[in-house]
Amino acid sequence: MLAISDEFKRQGLDPRQSSLKIGIFGAEPWTNAMRAEIEQTFDMDATDIYGLSEVIGPGVAQECIETKDGLHIWEDHFYPEVIDPGTARCCPTAKRRAGLHLADQGAFPIIRYRTRDLTRLLPGTARPGMRRMEKVTGRSDDMIILRGVNVFPTQIEEVLLATDWCGVISSLN
């Protein structure tokens, strides 16, 4: 969407005048700063969607436009389990981010799929009967340990984007 914004500007068009009012964005992690720039640039609401091509594609969970505070999981089809990436044991009340398992409850036998996506489960808000998952911050297999500190690529991206020489945030000011 940011590339589309650049093209609008290159052609001298005002993105805020487009007919786009709601965007559903997924596939790659994106920061809240990127969301803010998209929403401000296009005068639209930007929501997150979560899916896995190995399971069903997009549609495992979707953020609600009313709150934008996590992705509501379609629990009529998926049963989420949060596991400790180190032990692979379930930790349903995890306060920290942990790996996500998805069990498909469709017409097939339940199959557990270890996504390695780092998140945690939260109670529902805009859809109270549906649990939410926090925004995925990375994958347990993407993490590097730098001088004893766990670092994920999305954390590096967020720091870089906050700089004047590289950042999205500087264009919002």
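For every chain, the first residue of the written sequence is number 1, and numbering continues from 1 along that sequence. Only residues with pLDDT of 70 or above have their local features reported here, since the model is predicted, and side-chain atom pairs are shown and tallied only from 80 upward, although totals for entire chains, interfaces and linings are computed over all residues. Only hydrogens and water are removed before side-chain values are computed, so all heavy atoms of the structure are retained for them.

A few words on the overall build of the chain. Secondary structure assignment for the chain yields four helices and eleven strands. Split into buried and exposed, the 173 residues of the chain put 38% on the buried side. Sequence-distant contacts in the chain: of pairs separated by 6 or more residues, those separated by 24 or more amount to 42%. The way it works is that DSSP assigns letters per residue, a run of H or I at least four long becomes a helix, a run of E at least two long becomes a strand, and they are numbered from the N terminus. Buried, partly exposed and exposed residues are distinguished by accessible area as a fraction of the type maximum, computed with a 1.4 Å probe on protein chains only: under 20%, between the cut-offs, and over 50%, respectively. Any pair of residues with heavy atoms lying within 4.5 Å of one another is described as a contacting pair.

This part is about unusual backbone geometry. Negative phi characterises most residues that are not glycine, and trans characterises most peptide bonds. Of note, the phi angle at D43 is positive, near 50°, even though the residue is not glycine. Along the chain, D43 turns up in the loop between α2 (32–42) and β2 (45–52). Its identity is not glycine, yet K68 carries a phi of approximately 50°, on the positive side. On the secondary structure map, K68 appears in the loop between β3 (57–63) and β4 (71–73). You can call K68 partly exposed: its relative accessible area is 22%.

The subject of this paragraph is the side chain of D48. Looking at where D48 falls in the secondary structure, it is placed in strand β2. Among the polar contacts listed, one links the side chain of D48 to the side chain of W30, at a separation of 3.1 Å. Each residue touching D48, except ones within four places of it in the same chain, is listed here: F25, G26, W30, Q62, E63, L71 and K135. Under this definition, polar contacts are N or O atom pairs within 3.5 Å; protein pairs additionally need one hydrogen-donor-capable and one acceptor-capable atom, and for neighbouring residues in sequence, both atoms have to be side-chain atoms.

The next subject is the pattern of salt bridges. We count a salt bridge whenever a side-chain nitrogen from Lys or Arg sits within 4 Å of a carboxyl oxygen from Asp or Glu. Considering all chains together, one arrives at ten salt bridges under this definition. Two residues, R35 and E63, come together in a salt bridge whose shortest N-O distance is 3.0 Å. Placement of the pair is R35 in helix α2 and E63 in strand β3, with a sequence separation of 28 residues. Judged by its relative accessible area of 7%, R35 falls in the buried class.

Here K135 shows up in the loop between β9 (132–133) and β10 (144–146). Only 3.4 Å separates the side chain of K135 from the backbone oxygen of W30, close enough to count as a polar contact. At 2.7 Å, the side chain of K135 forms a polar contact with the side chain of D48.

For any two helices packed against each other, the geometry is given by the interaxial angle and the distance between the axes. A fitted line through C-alpha atoms serves as each axis, taken over the contacting stretch for helices, and the angle formed by two N-to-C directions is quoted from 0 to 180°. With their axes 10 Å apart at the nearest point, helix α1 (residues 2–10) and α2 run at an angle of 35° to one another. Like other packed secondary-structure pairs, α1 and α2 cross with a definite hand, here left-handed. Facing L2, I4, S5, F8 and K9 of α1, the residues of α2 in contact are M34, E37, I38, T41 and F42. Classification convention: Asp, Glu, Lys, Arg as charged; Ala, Val, Leu, Ile, Met, Phe, Trp, Tyr, Cys, Pro as nonpolar; all other residues, Gly among them, as polar. Broken down by class, the residue content of the contact of α1 with α2 amounts to six nonpolar, two polar and two charged. Each crossing gets its handedness from the near helix: less than a right angle anticlockwise from the far helix is left-handed, clockwise is right-handed.

Note on terminology: a nonpolar core comprises buried Ala, Val, Leu, Ile, Met, Phe, Trp, Tyr and Cys residues joined through side-chain atoms within 4.5 Å. If you look at the biggest cluster of nonpolar residues, it comprises eleven residues: Y50, L52, V60, A61, L71, I73, F78, V82, L121, M133 and V136. Every element with two or more residues in this core is listed here: β2, β3, β4 and β5 (78–83). Judged by nonpolar contacts, the second largest core, of nine residues, contains F25, W30, F42 and L161.

Before going further, it helps to spend a moment on the confidence of the model for the chain. A score from 0 to 100, pLDDT tells how confident the predictor is in each residue. Averaged over every residue, the pLDDT of the chain is 79; residues scoring 70 or more account for 82%. Of all the helices and strands in the chain, helix α4 (residues 169–172) carries the lowest mean pLDDT, 44, while strand β1 (residues 22–25) carries the highest, 94. Scored below 50 in pLDDT, residues 169–173 shows ten contacts in the model against residues more than four places distant or in partner chains.

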